[in-house]
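# Breakdown of the fold
Each chain is listed here by its residues.
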Amino acid sequence: MSWAPQTRQTPVGKWLRNPVATGYTGMALGVFAAFLGIPPFTSRTATWSLIVGIIAIMCGIATVTRGRKRLGLGAIATGIGGIGLGYLATRSSVDNLNIVFNASLIAQTFAFATPLVFAAIGGMFSERSGVVNIGLEGMMLMGAFWGVWGADVGGSWVVGLLVGMAIGAVLALVYAVFAIHLRADQIVGGTAVNFLALGITGYFFFQLYHGNYVSQGVSTIPNIKLPWISGLHFLGPAIGNLNLMIWVSFMLVIASYIVVFKTPIGLRIRACGEHPRAADTVGINVYAVRYGAVVLSGVLAAAGGVYLSDGFGGGTFNDNMTAGRGFIALAAMIFGNWRPAGAFAAALLFGFSSAIALRLQVYSPSASTLFNVLPYVLTLIAVAGVIGRTVAPAADGKPYRKQ
Amino acid sequence: MSADPTVPPEAPEEAAETGTLAARLALKQRAGGLVVPILTALLAFVLGGVVVLATGHNPLLAYRDIFNGAGLNWIFHPTTNIASTDAYNLSQTLLQTTTLILCGLAVAFAFRCGMFNIGGQGQYLVGLYVANWLGYEFAGMRPLPHILLAVGGATLAGAAWAGIAGFLKATVGAHEVISTIMLNWIAIWGGIWLFGDGGPLQNVANKSVPISNDVAASAQLPVFWGVQGLQGLDVGFFVALAALVVFALILNRTTLGFEVRAVGFNPEAAAYGGISVKKNLIRAMAISGAFAGLAGALDMLGYLYHFGTSDIPASSVGFLGIAVALLGRNTAIGTGIGALVFGALLYGTTHGLSSNVIDPSLAGNLTYMIQGLVVLFVGADVLILYIWNARRKLRPKSKSKTHPVGASA
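Conventions used here
Residues numbered from 1 in each chain as written. Chains lettered and ligands numbered in written order. Predicted model: local features only at pLDDT ≥ 70, side-chain atom pairs only at ≥ 80, totals over all residues. Heavy atoms only, no water. Helix = DSSP H or I, 4+ residues; strand = E, 2+ residues; numbered from the N terminus. Buried < 20%, exposed > 50% of the residue type's maximum accessible area, 1.4 Å probe, protein only. Contact = heavy atoms within 4.5 Å. Areas by Shrake-Rupley, 256 points an atom, 1.4 Å probe, with all protein chains shown as cover. Polar contact = N/O pair within 3.5 Å; in protein donor to acceptor, adjacent residues only side chain to side chain. Expected span 1.5 Å × (residues − 1). Arc of directions from axis to C-beta. Patch = residues over 30% accessible without salt bridge, like charges linked within 9 Å, V, L, I, M, F, W, Y side chains within 5 Å. Salt bridge = Lys/Arg side-chain N within 4 Å of Asp/Glu carboxyl O. pLDDT = per-residue confidence, 0-100. Core = buried A, V, L, I, M, F, W, Y, C linked by side-chain atoms within 4.5 Å. Axes fitted to C-alpha atoms, helices over the stretch in contact; angles between N-to-C directions. Parallel < 35°, antiparallel > 145°, perpendicular 65-115°, else oblique. Left-handed = near helix turned anticlockwise from the far one by under 90°. Nonpolar A, V, L, I, M, F, W, Y, C, P; charged D, E, K, R; others polar.

Regarding its fold elements, chain A presents 17 helices and two strands. Each of the 403 residues in chain A was classed as buried or not, and the buried ones make up 54%. For chain A, long-range pairs separated by at least 24 residues make up 74% of all intrachain contacts whose partners lie at least 6 apart in sequence. By element, 69% of the accessible surface of chain A is carried by carbon and sulfur atoms, the whole surface being about 16900 Å².

Now the structure itself:
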């Protein structure tokens, strides 16, 4: 198009013409509008939220008119939500806000998000290879119980972690045999795994511990104290003393991104999930890849479970401890569009809403419930395709039959 | 099912194995008949027994106690006198069976349309909430219209809740499993908010505890076996039995049922034959939800009358409905029998067990294990077919010509 008249390409002009950029900027501004009312900003009038929110909505409108309808609508919705939340924040007292929103909220968000990150990344591997895994909840629960049992019997959290992951792998292997070799319906099989895990952990919890908390003094997964950060003003309480598994989960996200998108193994996994017949034709062993991916999902979900009981929970277990976290992880994976970074962002968002819900319980039970239900509502909206349609791997959930 | 027009007489195995869920189920029904579900249940009970044995309990004694605890030994000396322990236990088991029949039908109906309704729990809860609200709010109505209003409202609410998933599936293709899981949790948290501290439907008299109001006397279902107000067996049991008949009639004797099954067996072929796939997905889901909502209504108006928010996440009958429907091969008679099996397990494990034999807490979790194993084995049609074929190969050739009796409703 060299003959076209050269328009002046300022960076702002470029940005305005790119609907994807305006869309995401609008969403970010919408979120920012909500944060203006709370510490560390603590704006006491709703004006600032209103201004930023309106800019977000304008970005959204610009995006819609340039053809990215869903993204733009998302930005508009975030802007409206941001104004609303920012306004609500100005209505409550500064003292309450300081109790609910402080640096340790960040630490708590990570703590709530980490089990979700492990399970969601695990689920992503399984689904990328073409096996739906709604048994994440059960695998996580198995990890939670057997992990703390291993730490109790073996005397070390390392043993606990290994035992928990091994049991998760065994359960995943059983599921894999049914889902891959026996070509059972994967939803039915996953449901069975959840029931089975609930029964087994409950049974042995009563058999071994009489349904009481696991004995005191169990070796727990340690926190990592960062000496050069923990003394700082805001960062100290936020990230200065996080659990080891939280840092592992960060590395897991990066590692899984590299494995899935930058290595031959990842290419094979994705090929099996998108078109197993074609993968088979070029010599990939579809069954082996799927077995590996499902077992890995069990290991990771169980690791999330071990963190829940032996890290976050301080070495205790109680009946049905995961209480739906496996399903939130599944939701995070879907919300994150079957991508490691997306799943991580969604897990953080859901972890944040859990952390907020916990803190709000004292002041306003109904607002607390609202934040508890948020992950499910957002996921329902996401699968409905209102904001950025999610797309599952093409062969997800379809058993493959060798020829 | 031999005169089933949607099932070709010899469906190729390949198509059935890679095809839709309903196609696979049809294949299994022809392959195994009654034998396979019984085999599945037996295998699950045996494996559950192995765990019981490995942890130092006697499985035979444990199962005997559960059998007696569920009141199933009533058949050896039947009596209508509710003062008899066996009769009382049986009435309680049947109360659980009532709920499980309807929760099972909620799963089975969607299955026949090729969908997996994992959201029976949420639909059941919505029915429970609406029945409680209508049962309390309209106190002073005459009993019959009040009951009809509460039951009807709860049924419609369940249908609407499931209808959301059906609508999303039909319009934007959202997978019903994901949307119903999300709707389950939204229903759970919605109930905690509605009936919790400061919630709009919290008990008006006592604002310090998160419980619901009591259903007015005019909305309570009459009890026919036992004592009203003390968990007697109410007329809801007959409603559930009637629902089994309605389920079979809709599926096998109406145009609606024909279309639903056609869509479940092969959506492309159904669409080619002029059947609206979208309409039937929504309809099948809504009818499924109606069954679950009805279950919630009968529980609330039959014997619960009120509930606390802590009961909401603890309830799992909607999930048990999955095992019931799968064990019953998604047929009316099968669902009825499956509901009785799991109803007996549910009540028999909570009650009257000696801790010398097996602790009730252990037995309760044994129920979950058996439930999981049943669902696991039911899902593996290839395994079942393999066992079935291996059994036929073992028999002498002269006998192998006798075909298995395809007993299904």
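All names here are of chain A. Relative to the elements of secondary structure, Ser297 occurs in helix 14 (residues 286-312). For Ser297, a relative accessible area of 0% translates into the label buried. One polar contact links the side chain of Ser297 to the main-chain carbonyl oxygen of Val294, over a distance of 2.6 Å. Residues in contact with Ser297, not counting those within four places in the same chain, are Gly122, Gly123, Ser126, Asn133, Leu136 and Met139.

What follows concerns helix 6 (residues 120-137) of chain B. Between its terminal C-alpha atoms helix 6 of chain B stretches 25 Å, which fits the 26 Å expected from 18 residues at 1.5 Å a residue. Counting buried positions along helix 6 of chain B yields 15 of 18 residues, so the element is predominantly enclosed.

Residue and element names in this part refer to chain A. All buried positions along helix 12 (residues 264-274) are accounted for by Gly266, Ile269, Cys272 and Gly273. Looking down the long axis of helix 12, one finds its buried residues gathered within 125° of arc, a one-sided arrangement. Among the exposed residues of helix 12, those oriented more than 90 degrees off its buried face are Pro264 and Leu267. Next to the buried residues of helix 12 lie helix 6 (103-128), helix 11 (244-262), helix 13 (276-281) and helix 14.

Residues and elements named next belong to chain B. Together, Leu43, Val46, Leu47 and Val50 line one region of the surface with nonpolar side chains, adding up to about 310 Å² of accessible area. Here Val46 lies in helix 3 (residues 35-54). Judged by its relative accessible area of 52%, Val46 falls in the exposed class.

Another aspect to go through is the confidence of the model for chain B. Confidence in the prediction for chain B averages 83 pLDDT; 84% of positions are at 70 or higher. Of the regions scoring below 50 in pLDDT, residues 1-17 of chain B engages in 25 contacts with residues more than four places distant in sequence or in other chains.

Time to look at the environment of Val245 of chain B. In this structure, Val245 of chain B sits in helix 9 (residues 236-253). For Val245 of chain B and Ile333 of chain B, which are 88 residues apart along the polypeptide, the C-alpha to C-alpha distance reads 8.9 Å.

Moving on to the nonpolar core. Leu330 of chain A together with Phe109, Phe116, Phe291, Phe342 and Ile358 of chain B are the most contacted members of the largest nonpolar core, which has 199 residues in total. Sort the elements by how many residues they give to this core and helix 9 (residues 186-209) of chain A lands first, with 13 residues. Setting aside residues no more than four positions away along its own chain, Phe342 of chain B makes contact with Leu100, Leu320, Ala323, Val324, Leu327, Gln371 and Val374 of chain B.

This paragraph deals with the environment of Ile121 of chain A. All names here are of chain A. Mapped onto the secondary structure, Ile121 falls in helix 6. Note on Ile121: relative accessible area 0%, which makes it buried. Separated by 219 residues in sequence, Ile121 and Pro340 have C-alpha atoms that sit 6.2 Å apart. Discounting chain neighbours no more than four positions away, the residues touching Ile121 are Leu252, Val253, Ser256, Leu300 and Pro340.

All names here are of chain A. Running from N to C, helix 16 (residues 340-360) and helix 17 (residues 365-384) cross one another at 165°; their axes reach a closest spacing of 7 Å. Our classification of the angle between helix 16 and helix 17 gives roughly antiparallel. Like other packed secondary-structure pairs, helix 16 and helix 17 cross with a definite hand, here left-handed. Contacts between helix 16 and helix 17 involve Leu349, Phe350, Ser353, Ile356, Ala357 and Leu360 from the first element and Pro365, Ala367, Ser368, Phe371, Asn372, Leu374, Pro375, Leu378 and Thr379 from the second. When its residues are assigned to classes, the contact of helix 16 with helix 17 shows eleven nonpolar, four polar and no charged.

Another point: the packing of helix 6 of chain B against helix 12 (residues 277-304) of chain B. All names here are of chain B. Axis separation between helix 6 and helix 12 bottoms out at 7 Å; the angle between their running directions is 45°. The angle between helix 6 and helix 12 places the two elements in the oblique class. Where helix 6 crosses over helix 12, the handedness of that crossing is right-handed. Across the interface between the two elements, Gly120, Gln123, Tyr124, Gly127, Leu128, Ala131 and Asn132 of helix 6 pack against Ser288, Gly289, Ala292, Gly293, Ala295, Gly296, Ala297, Asp299, Met300, Leu301 and Leu304 of helix 12.

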